[in-house]
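Listed here are the chains, written in short residue letters.
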Amino acid sequence: MVLQWQQRQHEQQQQVQHEQCSRSHRIQKKYDINMIKLEDIFEAYYDCRKNKRQTENAIQFELNYDSNCISLYNDINNRTYKPSKSIAFIVTKPKRREIFAASFRDRIIHHLIDMKLRPLIEEALIETTCNNRIGKGTTACVEYLRRDIIEPGASNTLVNIQHNMLVLGRHE
């Protein structure tokens, strides 16, 4: 009885997997597209390895990088890609904290997503948006703040900011 139930469960799981896979192939055929080109995977891989080349995960991936990239390409286009478990470790500088880092294979996917989405997002952002943008950051943000907000009415603005901080501080 239990064996028959297990057999039915297994057959049902195989049927679901087959339906998902054939749906994916029908969609691909209908639109005659692959989600990602193999060249995109290699470009993301080369970009990813720039700063992580000496990590154990990167070295392991690089031993067979061509077949690993092709496997990643197939997983994405067959819609079977699943993220790996994160790697956990502890750092002590500047203070002790636990870090959860993506595997190198998953980092390639992060770079691939960034490559595809960044151009679309960049054109929608206003010039003074600084966070997570190449060539921007804290320094650019401080410069915009100084140029566009503080300098036009420097003497009054700073006095008002300090006064408001003092007033708010007293009421808390």
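As the structure is a prediction and not an experimental result, all values here were calculated from the model. (Residues numbered from 1 in each chain as written. Predicted model: local features only at pLDDT ≥ 70, side-chain atom pairs only at ≥ 80, totals over all residues. Heavy atoms only, no water.)

A. A nonpolar patch on the surface, seen in detail. Side chains of I113, L117, L120, I121 and L125 sit close together on the surface and give an oily, nonpolar patch of about 440 Å² of accessible area. Of note, L117 is situated in helix α5 (residues 104-122). Take L117: its relative accessible area is 42%, and that puts it in the partly exposed class. (Patch = residues over 30% accessible without salt bridge, like charges linked within 9 Å, V, L, I, M, F, W, Y side chains within 5 Å. Areas by Shrake-Rupley, 256 points an atom, 1.4 Å probe, with all protein chains shown as cover. Salt bridge = Lys/Arg side-chain N within 4 Å of Asp/Glu carboxyl O. Helix = DSSP H or I, 4+ residues; strand = E, 2+ residues; numbered from the N terminus. Buried < 20%, exposed > 50% of the residue type's maximum accessible area, 1.4 Å probe, protein only.)

B. Spotlight on unusual backbone geometry. Omega for the bond connecting K93 with P94 falls within 30 degrees of zero, at -5°, which places this linkage in the cis form. Turning to its location among the elements, P94 is positioned in the loop between β1 (87-91) and β2 (97-101). Phi is positive for R79, which is not a glycine, with a value near 60°. Along the polypeptide, R79 turns up in the loop between α4 (65-77) and β1.

C. Spotlight on the nonpolar core. Among the nonpolar cores identified, the biggest contains 16 residues, and I41, I76, F104 and I108 are the most heavily contacted of them. At the level of elements, α2 (38-52), α3 (56-62), α4 and α5 are the ones that each hand at least two residues to this core. (Core = buried A, V, L, I, M, F, W, Y, C linked by side-chain atoms within 4.5 Å.)

D. Spotlight on the confidence of the model for the protein. In this model, the protein carries a mean pLDDT of 81, and residues with pLDDT of at least 70 account for 76%. For the protein, helix α7 (residues 154-171) is the element with the lowest average pLDDT, namely 54, and α4 is the one with the highest, namely 95. (pLDDT = per-residue confidence, 0-100.)

E. Spatial organisation of the packing of aromatic side chains. Applying the stated criterion across every chain, the model contains 7 aromatic pairs. Between Y45 and F104, the aromatic rings sit 6.2 Å apart at their centres with planes inclined by 85°, giving edge-to-face as the arrangement. Separated by 59 residues along the polypeptide, Y45 in helix α2 and F104 in helix α5 bring together distant segments of the chain. Each residue in the set F42, Y45, Y46, F61, Y65 and F104 is aromatic and connected to the rest through ring pairs, giving one cluster. (Phe/Tyr/Trp six-rings, centres within 6.5 Å; stacked < 30°, edge-to-face > 60°.)

F. Here's a closer look at the pattern of salt bridges. According to the stated counting rule, one finds 10 salt bridges in the structure shown. Between E122 and R133 there is a salt bridge whose closest N-O contact spans 2.8 Å. Of this pair, E122 sits in helix α5 while R133 sits in the loop between α5 and α6 (138-150), and the two are 11 residues apart along the sequence. For E122, a relative accessible area of 26% corresponds to the partly exposed category. Note on R133: relative accessible area 12%, which makes it buried. One network of salt bridges, in which partners are shared, links D114, R118, E122 and R133.

G. Here's a closer look at the packing of α2 against α4. Contact geometry of α2 with α4 gives a least axis separation of 9 Å together with a crossing angle of 125°. As judged from the angle between their axes, α2 and α4 are oblique. Where α2 crosses over α4, the two elements pack in a sense that is right-handed. Of the residues in α4, those in contact with L38, I41, F42, Y45 and Y46 of α2 are Y65, D66, C69, I70, L72, Y73 and I76. Among the residues making up the contact of α2 with α4, the classes are represented as 11 nonpolar, no polar and 1 charged. (Axes fitted to C-alpha atoms, helices over the stretch in contact; angles between N-to-C directions. Parallel < 35°, antiparallel > 145°, perpendicular 65-115°, else oblique. Left-handed = near helix turned anticlockwise from the far one by under 90°. Contact = heavy atoms within 4.5 Å. Nonpolar A, V, L, I, M, F, W, Y, C, P; charged D, E, K, R; others polar.)

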